[in-house]
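Below are the chains, spelled out letter by letter.
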Amino acid sequence: MNNLKPIIVIFLVGLITLSFKAKAQKWDSVGTQMNGSVVQAFAVDTVKNILYAAGFFTNAGGVSAISIAQWDGISWDSLGSGLTPFGVFALTIFRDTLYAAGAFTNAGGVSVNRIAKWDGTSWAPVGAGINGLVRALAVYNNALYAGGDFTTAGGVSVNNIAKWDGTSWDSVGTGMS
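Below is a short write-up of the structure. All values reported here derive from a predicted model rather than from experimental measurement.

1. Things to note about the overall build of the protein chain
Now for step 1: Helix and strand counts for the protein chain stand at 1 helix and 19 strands.
Now for step 2: Put simply, the protein chain has 177 residues, and 34% of those count as buried.
Now for step 3: Restricting to contacts in the protein chain with at least 6 residues of sequence separation, those with at least 24 account for 30%.
Now for step 4: Here the protein chain displays about 10100 Å² of accessible surface, and carbon together with sulfur accounts for 57% of that area.

So this is what it looks like as structure tokens:
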């Protein structure tokens, strides 16, 4: 037992040291704050090294940014005139393009139905869009999937989940009930 005491003491000192190092980690701010109530979604473009944030805000770091903004590691910037009315719930990158979805019907002055894509310069609709609230986006097997509370996507009858292949919308099996 006496041979174990030095080992136990070294072990405990090591644990205490690790504990202090873990507590020394901290969160850093990302520029100055957004003025809205909540950020709902993030997406990262690893090619362009840009972080996108979306939610309920009109200003990001002193820049007018309606519901969506981009962070380049130094400062915030807007994406056109933004997304209105408020309600961006999902972001993702699909085929090197940013997609945003939620409750909005206008993207940078363009009429859209709850989903839009940003090419780095301007917003565009994603086909005829979706007829209800879009809560989630994901990329799987070279297609973009949207989930939420809706019954049609691009005029196709769907049940709360739809698939975009880059050209048209399609149902995903019998959907989700």
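2. Overview of the pairing of strand β2 (residues 50–56)
Now for step 1: Summarising burial for β2: 5 of the 7 residues are buried, a large majority.
Now for step 2: The loop that links strand β1 (residues 38–45) with its antiparallel partner β2 comprises 4 residues; one of these, Asn-49, has a positive phi angle of about 55°.
Now for step 3: The pairing of β2 with strand β5 (residues 68–71) spans 4 bridges and is classified as antiparallel. Its bridge partner being in β5, Ala-53 is matched across the sheet by Ala-69.

3. Topic: unusual backbone geometry
Now for step 1: Cis geometry marks the peptide bond from Thr-84 to Pro-85, where omega comes out at -15°.
Now for step 2: Take Pro-85: it is sitting in the loop between β7 (83–84) and β8 (88–94).
Now for step 3: Even without glycine at this site, Arg-114 takes up a positive phi of about 65°.
Now for step 4: Within the secondary structure, Arg-114 sits in the loop between β11 (110–111) and β12 (115–118).
Now for step 5: Note on Arg-114: relative accessible area 21%, which makes it partly exposed.
Now for step 6: With a phi angle near 75°, Asn-160 is a residue other than glycine that sits in the positive phi range.
Now for step 7: The topology assignment puts Asn-160 in the loop between β17 (156–157) and β18 (161–164).
Now for step 8: Taking the relative accessible area as the measure of exposure, Asn-160 reaches 22% and is therefore partly exposed.

4. Here we look at the sheet that holds strand β10 (residues 106–107)
Now for step 1: The sheet built from 3 strands is open, its strands ordered β7-β10-β11 with antiparallel pairing. Where the open sheet ends on each side, the last strands, each with one partner, are β7 and β11.
Now for step 2: When β10 meets β11, the two strands line up antiparallel, connected through 2 bridges. By the bridge assignment for β11, Asn-106 is matched with Ser-111.

The rules we used
Residues numbered from 1 in each chain as written. Predicted model: local features only at pLDDT ≥ 70, side-chain atom pairs only at ≥ 80, totals over all residues. Heavy atoms only, no water. Helix = DSSP H or I, 4+ residues; strand = E, 2+ residues; numbered from the N terminus. Buried < 20%, exposed > 50% of the residue type's maximum accessible area, 1.4 Å probe, protein only. Contact = heavy atoms within 4.5 Å. Areas by Shrake-Rupley, 256 points an atom, 1.4 Å probe, with all protein chains shown as cover. Pairing = 2+ DSSP bridges.

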